[in-house]
Structure formats: C-alpha cells, structure tokens
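Reading the structure
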Amino acid sequence: MHRAHTIYKTLTGPQGQRMGAWLLTKKSTAPVACAGQQLRVYTTPVTSEPFLNGSSSAYVEDMYNAWLADPSSVHVSWDSFFRNSQEGGPGYQSPPSLAPMGRNEMSIASFLPAVGGGGGGAVGGAISEKTIDDHLAVQAIIRSYQIRGHHIAKLDPLGINSADLDDKTPPELLYSHYNFEETDMDRSFKLPSTTFIGGKDKQLPLREILRRLELTYCRHIGVEFMFINSLEQCNWIRERMETPDIMKISPEQKRLILARLTRATGFEAFLAKKWSSEKRFGLEGCEILIPAMKQVIDRSTDLGVESIVMGMPHRGRLNVLANVCRKPLSQIFTQFAGLEAEDDGSGDVKYHLGTYIERLNRVTNKNIRLAVVANPSHLEAVDPIVQGKTRAEQFYRGDGEGKKVMSVLLHGDAAFSGQGVVFETMHLSDLPEYTTHGTIHIVVNNQVGFTTDPRHSRSSPYCTDVARVVNAPIFHVNADDPESVMHVCNIAAEWRATFHKDVVIDLVSYRRNGHNEIDEPMFTQPLMYKKIKKLKPGLDKYSESLIKEGVVTAAEVKDVKDKYEKICEEAFDNARKETHIKYKDWLDSPWSGFFEGKDPLKVQPTGIKEDTLQHIGKRFSSLPPNAAEFVVHKGIERILKARMDMVGKRTIDWALGEAMAFGSLVKDGIHVRLSGQDVERGTFSHRHHVLHHQNVDKATYKPLSNLYPDQAPYTVCNSSLSEYGVLGFELGYSMTNPNALVIWEAQFGDFNNTAQCIIDQFISSGQAKWVRQSGLVCLLPHALEGMGPEHSSARVERFLQMCSDDPDYFPPESEEFAVRQLHDINWIVANCSTPANLFHILRRQIALPFRKPLILLTPKSLLRHPEARSSFDEMVEGTEFQRIIPEKGPAAANAQGVKKLLFCSGKVYYDFTKARKEKGLEKDIAIARMEQVSPFPYDLVKAECAKYPNAKVFWAQEEHKNQGPWTYVQPRFDTALSGSRDVNRPNATESGGWFSSIFGGRKSAPEPIAPASTETKPRTVCYIGRATAASPSTGSKAQHMKEVAQLMADATALK
Ligand SMILES: Cc1ncc(C[n+]2csc(CCOP(=O)(O)OP(=O)(O)O)c2C)c(N)n1
Ligand SMILES: [Mg+2]
C-alpha cells in the first residue's frame, strides 16, 4: 500500500502526458515522440485486437508515434483517425477496420456510465473529459503493473540486489498526468475485463485497485508475460495471478511443503556433517528447489504426464537425485566412499552422473518415470540432449502433443544468461520436428556465478531474458517464500499442459556457502556474505511462520527433521557395507531388452535381397502417386528419371546408396531420422527427400515415407541454423532407443566445431563416463576441392586423435577381429569411397549388437562422380562393409612387380587412379582405400602389404601433413607392419571392460601377439601429401590446382 500512496503522491512529470490525453482532448498539443524510440512501420490494417483492450493501448501509442514521424507508415484507417483527432474532430471514434470484440473485451463506452464516488462524472448525460481521462488512467495503471510490476517486486531474500539489476522504480508505474488527488483514492472505477483483481466485484475504489495490484505484482512474485502476443495467454496468466485469494492453500499443503523443505535441508546438512571437506555443490540457500520440483512433477502428473526427462547442472544435483528422483540414499552415499567400480568405464564425478527411476508418485498415486541426464561440467550443454531425448520418447510413445512426456531443465543464473546453447536450444522449442511441446525451466538464481556478480556476467536486466525470444512467461519468485514458489510452480505446470510452450521459474535465492563447500566467498562477495551469515535459513523461517499460524507445532517440526536424519543415518550405515560402486546404477537411458540374449560379437548381415533393392530404388525414383495433380519441378523430374535409369541398370550413386540404406532399415521397422541444415534437399542438391508441389504451398511428398505400408517412420528435417543445439538434440534422440538410426549432417564438415562440446564431452567419451551408448551418425562433408579454407576439412585429425584404440597394439587376428575392435573403441571414423560401402556402413550401425557413434566423412564431388557408382552386386545378400577396398586392377595381378603401394582414404582415390592411368602406371602402383580409418584395420593393412612384398608403402592424403589421418595412421601402420610394439599394454579396463559390464564376464582384451612379419627388413610407411599448414586449404583456386598437380606427381612418382 505504501507504494500506492507514493504513486498517488508523485503523480507528476512529463511522461504521463502521453497516454490517453492525445486520444481524448479535442485540442491536443502535438505530443513529442519518445527520444530514441524506433520508428515502426505498420502497413497492415488493425484486425487482430479491438481498440483499447488491455494489450492494445501500447500498440495504439506506438502507432501514434509512428504516425507522428511518418503518417504513411500506418494503415490509412489509423491515419484518418489520428488526423481527425488532431484537427479537432470528434475526440474518439472507432477506426474503421476494427475486429469484432472478443470474449474479454469491452468497448470504452461501457466504462463511462459506471463512475462512482467524487470527481468528474457524467453531467447531464455528457461525460466530462476528466472522467474519461481518469478511467483511462486507471486502465493504464493496471496495465503498467501487469507489464512492469515485476521490476519492483521484492524478489531478493537478501534485500541487496534487484533481480533485474535496477533499483529504480520504473517511471511507467507512476502515471502522473491524471492528476489524482487524495480524494480520488476512494472513487470507484469500473474494472476493465483485462484484469481479474476484482474477483466478483466489477468496480473498486482506486485505493483498493492499487493495493491489489501491489499484492499481485510487487510482492514475492514478479511475472513477465505481457510481451506475449496472445491475448488469450495473457489473460490466462492474469487470471491465475490476480484472482483474489488465488494463493490460499490448505494446512495439509503447507505441511507437505514443510516436510519437503525439511528433507531438502536435512540432506545437505547430513552431507555437510559426514563429508565436510568434500565438494558437493550444495543447494543451501535455495533448498526450495526440491519442493518446487516436486510440485511441478505432482501437478504435471495430475495433468497426465507420465515421464519426465530432466537436465541440470552441478548445484543441488545430489539433493535432486535423493529427494526428487528418490534414488536410494545408500547409492548416493557410496559415491563419497572412494570405492572402485564393480563394472567398467572410467566413470565421472558424483555431481555429473545421471539416473533413471520409475516409481509411484505418492501424492498423485500415479506411476512416473524420472530421468536425470548425465552431463559434463560444461554448463547448459545438456539442454539440447534433454530435449532430443524427450522428443524421442514422445515419438516412440505416439505422444504427439507432449501430454505424457515432458522435459524439465534446471539452470544457474550465470550459465542461463551466458551460454549460447541456451538460446540455440530455446529456438528448437517450437519447430515441428524438434518441439517437446513445452519445457519447464527452473533457474537456481543465487545471484552469483562462482565469484562473478551478475552486473559483470550479463548485460540483460534479468538472467532469464533469453526466454523472452520464445514468448515464454517468466516467473521470478523470492525463494524464501515457499508458498509463492509453489504457486508459480502450479501455474508453470498448468501453462505447459495448456499451451504446450516453454515457461521459466526464476528462484531468486542466495548461495549460503562458497561456489563449493571448500571455497571462501568472503574474498569476493564480502557484503553479500555478511548478510547471508546473519540470514535465517529458509526452513527455519517457514516453520516459524507455520507454527505462528498454528498449522504445526514446534514438536512436529522437530519430529519431521529427526525422522529424516534417522533415514539418512540408516542409509549411511548401509552404504558403509558396500565394497564397490556400480556405474550402471547411474545410467540415464537403460535399453532394457536390447543386450539380453544377444551374441555380443555377432553382427547381423547388411546385404539385402535384390527385390528389396529394386523396390526401394523404384519407389525412391518415382513421382508422387498422384502425379497428375502434384506438380514436380522439371529438374526433379530429370533427377528421378536418371535415378530410375540407374536402378534399371542395377547401379546406384551416392543418393541412391543412402536411400537404399534408409529404405531397407525402415522396411525392417527401424526408425530413421536425418536432421541438419538443409538436409531435405541436401546441401549439394543431391538428396531430394522431400518433393515440393510447384503450385501448392507446403504440399510435399516424401518418397522414403512411402515405401511400404508397414514401414517404420522416416523423418527428414531441415534444422535451425545451429550445430551445438541440433547435434546435442540428435544425440539425445539417439539415446532413447537403440533400434533407430539417428543421423546429423553438417552443412560442411568444418561446422562441426561449433558443436565441439557435444563431440568432446558426450559423443567421444559418453560411454566411458556414463556407460551410455549411442549409435548416432555424424555426416561431415569433407574434401579439398578448391572451395577455400572453410569448406574443405571436417578436421578428421581431431576425431582420430580422440579415438581410444592403442596405436601400438595389434589385436589378435580372428574371425571376430573387426567386431571386437568396434566393440572396444569409443567411436568409428570412416570415409567411404563407394555408395555401396556407404549403404553397408549405415546399415551396420543397426546390425551391430551394441551401439557406437559413427563419424562419417562424406564427399562432395563424388556425389555426381561417374565412377563413384556401385552395382547391386555389392549390396545383395552375402556382401558387407569393406573396411579396406584393396587394389583390384592390373597391379593386383602383378603383385610381385608392384613398386609402390598407396593407401588413401576418401575421394582422393579417384584422383590418384586417374593420374596413375594417365602415366600408364597401373601395373606398377597399387592403390588401396582405407574406408574405415578407425578402428584401424590392422589385419587388412597387414594382408595388403604382404601381398606386395616389393612395394614401398605410402600413406597418401590430400590434407596437409599436420591434418588429415596421417598422424593417426602412421604409428598404426608401423604396428600393422611389425606387430604389436611393447610400448605399453592396452588398458584392459577401458578397452575390454565395458563389454563385460553389459554382456557379463566375456572380456575382450587378450594378450598382445608376437610380431607377425616374417620380413627381414622392417617396412615402414612414408607420407605423400601437402606440407604442414595452419589453414586447412588455400583460398586461391590457382594455388589449389598447383598443389593438386604436385600431389598427383608425388603419388605417381616411382623414385
Ligand atoms: C561452459 C562452462 N564454462 C565455465 C564453467 C566453470 N564454472 C563452473 S560453475 C560456474 C559458475 C556457474 O554459475 P551459475 O550458473 O550461476 O551456477 P551456480 O554455481 O551459481 O549455481 C562456472 C563459471 C563451466 N562449468 N562450464
Ligand atoms: Mg549462480
């Protein structure tokens, strides 16, 4: 109420001149547009909102300013209206193009007769200007509270900062030109339909209006929602915020909050007592997070949600696992014991591990599945992964509207505003093939990021401002007011269930300790921490207030506390009996049934029936079935015809090879999803998986979705222009179900580095850290083709450098050599040179009895290269992926006479064969293609080298020497040629261990074998390729051609 008086008393100042008066005074002085205001151009007629409803007055004002600057910038109807108004015409008249009134709107005239109290009312039927002005002013004030009330809400439990980093009261809240007097405070004003503060009352005294607005918008909840451009959604929120007594809850509900807060607080206290010097990133200062999450879950389960996928940072993670997911406390406590793992993998620190729990929600009595996705230290990196996993779960459940599965993302204040991936993830939220139909974001806003104050960590007022871009309502709430927190949690859950859009809860709180428990916060935030030290913990405050209210007794409070401590002590005793930890207990994506009963070293065949090839080939090359109506582009018609001709000749090119792989998988019930920038057509216009009707907008036809009536779904989707977000999303998607081929394609391979964190932290090391597998495929266009530095290299050297196989270890040769290698490595890196091999390697992803990520370099010029074709013979039953394609030409028949054996990878093979032919050296130089670079095909390299005993062995690459595969292959060639070297022993835990954890006891790390070479002189590999360079490629075409010529000369030189 204090501010209401302040407002009333300080009703002065020029700002207030602008609202209302210009509309209503007949002789208005020309108002001045706001300094710095952008000129906006309004060229469409106003049809969406009626005049002067709650959200249109700002619009009208904007329009007026635009009109002032340039009358032609507004619609002609507004032009005439403003002109009329200025020229002393009727003060108010409806603009001509107004839409009919909606459910929640009233005409301005309806306000006027209902004037009560003193002041200027209607005199003799005429309405005074003051009456109209005053009513408009009341409307404007209501609206101002709705828009800006949050700026002055008491959000900070410390009372130091303003959550929006601005202590000032926005002048917009103080409309000063209406000249209210103290006597006006008791005048009644009819309430507009865009407010719900009246409840059943249609009019209220000004004093009461202001009081209610203060209570609603300026107490412990600050809500930002008026930027949402849907009147329905704004009203929906207004109703849940403004309705009198809306926040009243029952004593039972209060006791439930107290019990939950007690557990949250007790958990941290217990850890602090037992492991005082261990880092755990405690939640102290924002313990309300736990009751808040539980409230979100309860309400969402009430509304039909059955599965929740969560992503969160370090802060409070153990508490979430214990008290939200109800992970057994003893499992959590064993993480502190420094025990060795019973199963394999390299593991991760306790505050990064994931979990998966299925349990009964005791409040709603419904079953619920909760997964917390494992994450690296890299803040916010898990966001897109959670979304992908959620989307996939929705997909497999047929939950097209997200009613059963939802995602919850937790954030820190500094990370939420600082990390770009938050934005990239948010921008997926409404895309048809990426939406999860609304995410509930909860920010643990402790007003500090490690040692950095918010004023140094963000330029936006709130740490949540990124969410405004997707029109998500944002609820800032003082975390020391548990009931306000629960209220916004309910609204958030209902919002998501109603509108299926994102929503943000900003828990404005503090951090009682340093960044972690060992840190000294007084070094950097002395004043803040002086205050924190004096502050009563949230639990104490709430229990005291409930005792005062008579909801609980002090004895009951103590009892709840003691009981929880006893639970913790018992779990602690149980944990002490454990001798090992199990990484599998921390798996976030269990694939029940996938591994059981499988021979872990048996790969299913990848060759398929001729009939299937024919069928898919024809369907993929056909016009839509309703071809007479569906107008296809002439160029596409030609492409389809060329495809059909190839199929007739039992031949495939790149696009057909890919389509055959996808088509044969969907035929077998395997869902295929291809996502990335412009993947539908293909960056290089080779794919065309979506045909567009040339005359009907959005009418499309997807051949691969129309192969078989009972096929699995095929999804192909152009993504937003993001790598970090989209790659993360697809990785998450791939984690949900192993029986799906999930593919992300980079526009050019080099763009993968903007998703480096997903590659380093998740794809290459996810299995080792979190015993979680993924068969994700990354298609990375790669090759030096004179397109300049940025479109040449996928930086294959980096992927290879991260491969976990030992360069000095030649695994034992056996029938299972290839699959065992695949099993033991962290990911596969390949660069195919034929469409058939592309076909096989894609199918092999599913044929494997386990899942490994596949980094697949893809060609550009080969997409149309006449020689880069394969025959059906290379794909039919009995054929398989070729890790190495050996020389098959005249040199193979002249093995003893071959002087040079070149190994290469990718499209450069075609350049080498051409150069060799031109020089007439086809009998002298053998060229073998290494299609799978990692795991390294030791056995086949050895065999190929042995076949040409008199040849010098070379690795030839088009990349620069410090790039490309050279540094990876060189030591491995030596090992292949000389056998295992005794440099070190393979790491048995890493390479074989995971295997046993899944398949039970069958280890795959045998002893190194003795050198196999019988040659007297040790052979070694030599390098052919470009010299070292900083850049992947020259930018000059001429220089490029010179380099190519030199490369060809080197490759074909016999001296
Ligand atoms: C991408 C990334 N950069 C830097 C860090 C190092 N780091 C760890 S916590 C932290 C501060 C996080 O602040 P905030 O998001 O507010 O969370 P809080 O710790 O306050 O809960 C930083 C900078 C990190 N983990 N991830
Ligand atoms: Mg913080």
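Residues numbered from 1 in each chain as written. Chains lettered and ligands numbered in written order. Predicted model: local features only at pLDDT ≥ 70, side-chain atom pairs only at ≥ 80, totals over all residues. Heavy atoms only, no water.

Across the protein chain, the average pLDDT comes to 86, with 84% of residues at 70 or higher. Across residues 1-56 the pLDDT falls below 50, and counting only partners more than four positions away or on other chains, this stretch makes 128 contacts in the model. (pLDDT = per-residue confidence, 0-100. Contact = heavy atoms within 4.5 Å.)

Right, let's get into the coordination of the magnesium ion (ligand 2). The magnesium ion (ligand 2) binds to the protein through Asp413 (OD), Asn446 (OD1) and Val448 (O), with metal-donor distances spanning 2.0 Å. Of note, the donors binding the magnesium ion (ligand 2) are all from one chain and are spaced D-x32-N-x1-V. Highlighted residues: Asp413 in helix H13 (residues 413-418) and Val448 in the loop between strand E11 (439-445) and helix H15 (454-457), separated in sequence by 35 residues. Assessed through its relative accessible area of 3%, Val448 is described here as buried. (Donors = N, O, S within 2.8 Å, 3.2 Å for Na, K, Ca; no water. Helix = DSSP H or I, 4+ residues; strand = E, 2+ residues; numbered from the N terminus. Buried < 20%, exposed > 50% of the residue type's maximum accessible area, 1.4 Å probe, protein only.)

Around ligand 1, a shell composed of 15 residues is seen, among which Arg315, Ser377, Asp413, Ala414 and Ala415 lie nearest. Between ligand 1 and Ser377 there is a distance of 2.8 Å, counted from a nitrogen atom to a backbone nitrogen or oxygen. When isolated, ligand 1 has an accessible area of 580 Å², and the protein chains bury 75% of it. Examining the composition of the shell around ligand 1, we find that 3 residues originate from one element, H13, more than from any other. Class assignment of the residues belonging to the shell around ligand 1 gives a composition of 5 nonpolar, 8 polar and 2 charged. (Near = heavy atom within 4 Å. Polar contact = N/O pair within 3.5 Å; in protein donor to acceptor, adjacent residues only side chain to side chain. Areas by Shrake-Rupley, 256 points an atom, 1.4 Å probe, with all protein chains shown as cover. Nonpolar A, V, L, I, M, F, W, Y, C, P; charged D, E, K, R; others polar.)

What follows deals with the sheet that holds strand E25 (residues 884-885). In spatial order, the strands read E25-E27-E26-E29-E30; together these 5 strands make up an open sheet with mixed pairing. With one partner strand each, in any of the chains shown, E25 and strand E30 (1021-1026) form the two edges of the open sheet. Strands in contact with helix H34 (residues 1037-1052) are strand E26 (900-904), strand E27 (925-930), strand E29 (952-960) and E30; relative to E30, the strand with the most contacts, it is inclined by about 160°. (Pairing = 2+ DSSP bridges. Axes fitted to C-alpha atoms, helices over the stretch in contact; angles between N-to-C directions.)

What follows is about the packing of helix H20 (residues 610-620) against helix H22 (residues 654-667). For the pair H20 and H22, interaxial distance at closest approach is 9 Å and the crossing angle is 115°. Taken together, the axis directions place H20 and H22 in an arrangement best described as roughly perpendicular. Classified by chirality, the crossing of H22 by H20 is right-handed. Touching Thr612, Leu613, Ile616, Gly617 and Phe620 of H20 are Ala655, Leu656, Ala659, Met660, Gly663, Ser664 and Lys667, all from H22. Of the residues that constitute the contact of H20 with H22, the class distribution is 7 nonpolar, 4 polar and 1 charged. (Parallel < 35°, antiparallel > 145°, perpendicular 65-115°, else oblique. Left-handed = near helix turned anticlockwise from the far one by under 90°.)

With 20 residues, helix H5 (residues 129-148) ought to run about 28 Å at 1.5 Å a step, and its terminal C-alpha atoms sit 27 Å apart, in line with that. Counted residue by residue, H5 has 16 buried out of 20 residues, so it is predominantly covered. (Expected span 1.5 Å × (residues − 1).)

Looking now at unusual backbone geometry. Most of the time, phi is negative for any residue but glycine, and the peptide bond is trans. At the junction of Ser934 and Pro935, the peptide bond is cis and its omega measures out at -5° in the coordinates. The backbone phi angle of His688 is positive, close to 55°, even though this residue is not glycine. Within the secondary structure layout, His688 lies in the loop between strand E16 (671-676) and strand E17 (691-692).

In this structure, Phe333 and Phe903 are the most contacted members of the largest nonpolar core, which totals 169 residues. Of all the elements, helix H16 (residues 482-499) adds the most residues to this core, at 9 residues. Excluding residues that lie within four positions of it along the chain, Phe333 makes contacts with Phe267, Phe270, Leu271, Trp275, Cys568, Ala571, Phe572 and Ala575. Counting 71 residues, the second-largest nonpolar core is a separate cluster that includes Met646, Val647, Leu854 and Leu902. (Core = buried A, V, L, I, M, F, W, Y, C linked by side-chain atoms within 4.5 Å.)

Let's shift gears to the packing of H22 against helix H28 (residues 835-847). Two elements in contact, H22 and H28, have axes separated by 8 Å at closest approach and are oriented at 25°. Overall, the two elements H22 and H28 adopt an arrangement that is roughly parallel. Note on packing geometry: the crossing formed by H22 with H28 is right-handed. Note on element contacts: H28 touches H22 through Pro835, Leu838, Phe839, Leu842, Arg843 and Ile846, opposite Trp654, Gly657, Glu658, Met660, Ala661, Phe662, Ser664 and Leu665. Looking at the contact of H22 with H28 residue by residue, the classes come out as 10 nonpolar, 2 polar and 2 charged.

What follows covers the pairing of strand E13 (residues 503-508). The buried count for E13 comes to 6 of 6 residues, which makes it a mostly enclosed element. By the alternation rule, side chains of E13 split into Val503, Ile505 and Leu507 and Val504, Asp506 and Val508, which are all buried. Where E11 lies against E13, 6 bridges are found, and the strand directions are parallel. The partner of His441 across the bridge, within E13, is Val504. The pairing of strand E12 (residues 474-478) with E13 spans 5 bridges and is parallel. Its bridge partner being in E13, His476 is matched across the sheet by Asp506. Viewed along the sheet, the connection from E12 through H16 into E13 turns out right-handed. (Right-handed = clockwise from strand over helix to strand, strands pointing away.)

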